[in-house]
Amino acid sequence: GCDIDPLALRMWRDLVGNDCYGDVFTLPVESIRRPKILKTGLPCPDYSGLGSKLGARGKTGDLYVKQAEIILQISPDAATIEQSGNAPNINDGQEVKELIYKLKEQYFVHVTDKTTG
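The model shown is predicted, which means the values in this text are computed figures rather than measured ones.

> Help me understand the pairing of strand E1 (residues 37–40), please; the structure alone is not making it clear to me.
Remember that side chains alternate between the two faces of the sheet whenever the strand is regular. Every second residue of E1 is oriented toward a common face, the buried set being Leu 38 and Thr 40 and the non-buried set Ile 37 and Lys 39. Pairing analysis gives four bridges linking E1 to strand E2 (residues 78–81), with the strands arranged parallel. In the sheet register, Leu 38 faces E2, and the bridge partner there is Ala 79. Between E1 and its parallel partner E2, the chain crosses via helix H2 (residues 62–74), and the hand of that crossover is right-handed.

Written as structure tokens, this is what we have:
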């Protein structure tokens, strides 16, 4: 796991029994075991309906698209990406489209909208 929040780091250690890697963008990708499944969910306040709605122009919004670099480097068999259901409504869905485009280099991409009935 990766997280920069001290509470989340301790929680990871308590729940899983091993240390958290810290900041995903400083992850020593070449020295970690390639996972079968990678689950990621970076901060979403810049995409949520109650957040800034600034997308990539927000405080952490650029991380949403940037995670494609990490996913492609780690190269799991499959990846699940969690983000606010409002993300397609921000900047006409540009960041969502860009993330999908980057991941299509290596993966078949399936989008599931869990915000509808």
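On we go.
> I keep staring at the environment of Gly 17 and nothing clicks. Help me out?
You can see Gly 17 is positioned in the loop between helix H1 (6–16) and E1. Judged by relative accessible area, which is 62%, Gly 17 ranks as exposed. Taking the C-alpha atoms as reference points, Gly 17 and Ala 56, 39 residues apart in sequence, are found 34 Å from one another.

The rules we used
Residues numbered from 1 in each chain as written. Predicted model: local features only at pLDDT ≥ 70, side-chain atom pairs only at ≥ 80, totals over all residues. Heavy atoms only, no water. Buried < 20%, exposed > 50% of the residue type's maximum accessible area, 1.4 Å probe, protein only. Helix = DSSP H or I, 4+ residues; strand = E, 2+ residues; numbered from the N terminus. Pairing = 2+ DSSP bridges. Right-handed = clockwise from strand over helix to strand, strands pointing away.

Honestly, it's all geometry; don't read function into it.
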